[in-house]
Amino acid sequence: MMEGNDILILNTIDEYNKAYGLPTRHPLLSVFNLRDAKVICNHITVNYGVYALFLKNDASCSLKYGREYYDYQEGTVVSFAPGQVVRVDLEDPDASRGVYGILFHPDLIHGTSLGEHIGSYTFFQYSEKEALHLSEGERKIFVDTLERISKELEYPVDKHSRQLLSSSIELLLEYCLRFYDRQFITRGKVNDGVLETFEKALGEYFESDSPLTLGIPSVSYFASKVFLSPGYFGDLVKKETGKTAQEYIQDKIISLSKHRLLRDNESISAIAYDLGFQYPQHFTRLFKSKTGMSPQKFRQLSTDN
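Residues numbered from 1 in each chain as written. Predicted model: local features only at pLDDT ≥ 70, side-chain atom pairs only at ≥ 80, totals over all residues. Heavy atoms only, no water.

Quick word on the packing of aromatic side chains
- On inspection of all chains with the given rule, the structure shows 26 aromatic pairs.
- Judged by centre distance (6.4 Å) and plane angle (40 degrees), the rings of tyrosine 180 and phenylalanine 184 are tilted. One end of the pair is tyrosine 180 and the other is phenylalanine 184, both in helix α5 (residues 161-186) and 4 residues apart, which spans about a single turn.
- Ring pairing ties together the aromatic residues Tyr51, Phe104, Tyr121, Phe123, Phe124, Tyr126, Tyr180, Phe184 and Tyr232, which thus form one cluster. (Phe/Tyr/Trp six-rings, centres within 6.5 Å; stacked < 30°, edge-to-face > 60°. Helix = DSSP H or I, 4+ residues; strand = E, 2+ residues; numbered from the N terminus.)

Observations regarding a negative patch on the surface
- A cluster of acidic residues, Asp192, Glu196, Glu199 and Glu240, forms a negative patch at the surface.
- With 3 residues, the top contributor of residues to the negative patch is helix α6 (residues 188-207).
- With respect to the element layout, glutamate 240 can be found in helix α9 (residues 230-241). (Patch = residues over 30% accessible without salt bridge, like charges linked within 9 Å, V, L, I, M, F, W, Y side chains within 5 Å. Areas by Shrake-Rupley, 256 points an atom, 1.4 Å probe, with all protein chains shown as cover. Salt bridge = Lys/Arg side-chain N within 4 Å of Asp/Glu carboxyl O. Lys, Arg positive; Asp, Glu negative; His and termini not counted. Charge placed at Lys NZ, Arg CZ, Asp CG, Glu CD.)

Some remarks on the pairing of strand β7 (residues 76-80)
- Burial analysis of β7 places 5 of its 5 residues in the buried class, which makes it a mostly covered element.
- Neither face of β7 is left uncovered, since the one carrying Thr76, Val78 and Phe80 and the one carrying Val77 and Ser79 both have all their residues buried.
- Where strand β4 (residues 51-56) lies against β7, 5 bridges are found, and the strand directions are antiparallel. Bridged to leucine 53 within β7 is serine 79.
- Alignment of β7 against strand β10 (residues 132-133), held across 2 bridges, turns out to be antiparallel. (Buried < 20%, exposed > 50% of the residue type's maximum accessible area, 1.4 Å probe, protein only. Pairing = 2+ DSSP bridges.)

Section: the pattern of salt bridges
- With the rule as written, the count across this model stands at 10 salt bridges.
- The closest approach of N and O atoms between lysine 18 and aspartate 14, which form a salt bridge, is 3.1 Å. Residue lysine 18 and its partner aspartate 14 are located together in helix α1 (residues 13-20), separated by 4 residues, close to a single helical turn.
- Among the salt bridges present, the one from aspartate 274 reaches arginine 260, with a minimum N-O distance of 2.6 Å. Note that aspartate 274 is positioned in helix α11 (residues 268-274) and arginine 260 in helix α10 (residues 245-263), a separation of 14 residues in sequence.
- When its relative accessible area of 30% is taken as the criterion, aspartate 274 is described as partly exposed.

What follows is the structure in structure tokens.
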């Protein structure tokens, strides 16, 4: 039994199954309910080399990601991607018995539609405090889809297996996207507060000397201001405004630059540097892509009118 400060480096499906006493029915995929586990690892750190989703269907336990703990409550789905490290602490050994899970190796989806689009499932990069909380109906859909995948594992591997399995996993991930969309909507008031904070922080950034010292602000910079992961923050902004967070930042830059171009006779280079651009040509390229004309042309047309 793995205990204490043990680290499970999870590069294969079989490594997880052996740690929990589960059968390995497919070398690249596992679907399970931990009530069937012969071993429960109460305190373990997992270094993921595979994709994973877990649904906690009854009691709670505690997970730690980075330096933060959060309560893994009933009806919560958490997801992990290769390269993430997660600490699991179970004070009650039976707390994990209601966990449904799926693990799949990146090799399973290579050359499939899911492999081409796996990056679009940005919730794999969310932090644990941004976990997915399912309604009773959503929970049933999640479990039914897992059972469908599990059923396919009962068939001998043939030329259709990879496509059928990857398509079923893709269906599960699409459901997660739908459920996250619902969660964004039901958390509308919280989202409004995030956007207000974002807009305020964006204004304060360009009113300060930060552009001169730090350059163009990143999405990660503003995500940290609202205590969200960059992935969740970016998706929230997109859902609420129809624009990506990066577009939001760029639109602010263009608005400020137009004001500066019309206000006085500052050189375009000086305006670019003040807005955080290391090279003026990068500012010119962005301005033209957003307005259809160069900064110089914009200034000239505005002066002529």
